[in-house]
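Structure assessment
Here is how the chains run, residue by residue.
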Amino acid sequence: LTIAFGASGQKLDDAGRQAIDALLSHPVMQAGGAIILSGHSDSRGSDGGNRVASRKRAEAVRAYLVEKGVDEKRIVVIALGETRPIAPNANADGSDDPEGRAKNRRVEIEVRPPAQPSPDPAARPTP
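Rules of the game
- Each residue is numbered by its place in its chain's sequence as written, counting from 1.
- At least 70 in pLDDT is required for a residue's local features to be given in this predicted model, at least 80 for side-chain atom pairs to be given and counted, and no such filter applies to totals for whole chains, interfaces and linings, which use all residues.
- To obtain the side-chain values, all non-hydrogen atoms of the structure were included, while hydrogens and water were left out.
- Whether two strands pair comes down to DSSP finding at least two bridges between them.
- What counts as a helix is a DSSP run of H or I of at least four residues, what counts as a strand is a run of E of at least two, and both are numbered from the N terminus.
- In this scheme, a helix's expected span is set at 1.5 Å multiplied by one less than its residue total.
- Per-residue accessibility, obtained with a 1.4 Å probe over protein chains only, is compared with the maximum for each type, and a residue is labelled buried under 20%, exposed over 50%, and partly exposed between these values.
- Of all possible arcs, the one meant is that of the directions from the helix axis to the C-beta atoms.
- We call two residues in contact when some of their heavy atoms are within 4.5 Å.
- Axis geometry follows a simple rule: fit a line to the C-alpha atoms, using only the stretch in contact for helices, then measure angles between N-to-C directions, giving values from 0 to 180 degrees.

Re the pairing of strand β4 (residues 106–111)
Note that strand β1 (residues 2–4) and β4 share three bridges and pair antiparallel. Among the inter-strand pairings, T2 is bridged to a residue of β4, identified as E108. In this structure, strand β2 (residues 35–39) lies alongside β4, joined through five bridges in antiparallel fashion. Each bridged residue has a counterpart across the sheet, and for I35 the counterpart in β4 is V111.

Here it is as structure tokens:
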């Protein structure tokens, strides 16, 4: 699931909250596995500043999930900055592409199934 932060910058907007609310009722989410929040930014600004902005976006999603009752221990935040764009930040002629930059300001949510316990070798029947 991708949560857009195009116009809102670093704040979670109503559309983002609605998308997360829908995700909360999904069986994979309710199963209790790890949740990976990957924050992204556009290319405007410094690498360090973009990494900070991408972390703030991911932390906004984490805060909302925790507010909704998700155990914070399940959540991992990764700040990727501008390293993985999904749209061009500039047009072919070098001019700014505001729509592309807006698409790059996002948080991707990955929900993993719960880890299966390893079988205990001592519990196996002997042949």
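Observations regarding helix α3 (residues 47–67)
Between its first and last C-alpha atoms α3 spans 30 Å; for 21 residues at 1.5 Å apiece the expected length is 30 Å, and the two agree. Of all the residues in α3, the buried ones are N50, A53, S54, R57, A58, V61, Y64 and L65. Viewed along the axis of α3, the buried residues span an arc of 130 degrees, placing them on a single side of the element. Close packing links the buried residues of α3 with α1 (14–24), α2 (27–30), β2, β3 (75–79) and β4.

Comments concerning the sheet that holds β4
The four strands lie next to each other as β1-β4-β2-β3, forming an open sheet whose pairing is mixed. The outermost strands of the open sheet, each flanked by one partner alone, are β1 and β3. Mean inter-strand twist for the sheet, computed between neighbouring axes without regard to direction, equals 20 degrees. Its contacts with the sheet place α3 against β2, β3 and β4, and it is angled at close to 160 degrees to β3.

Note that all results are geometric; they support no functional claim without further evidence.
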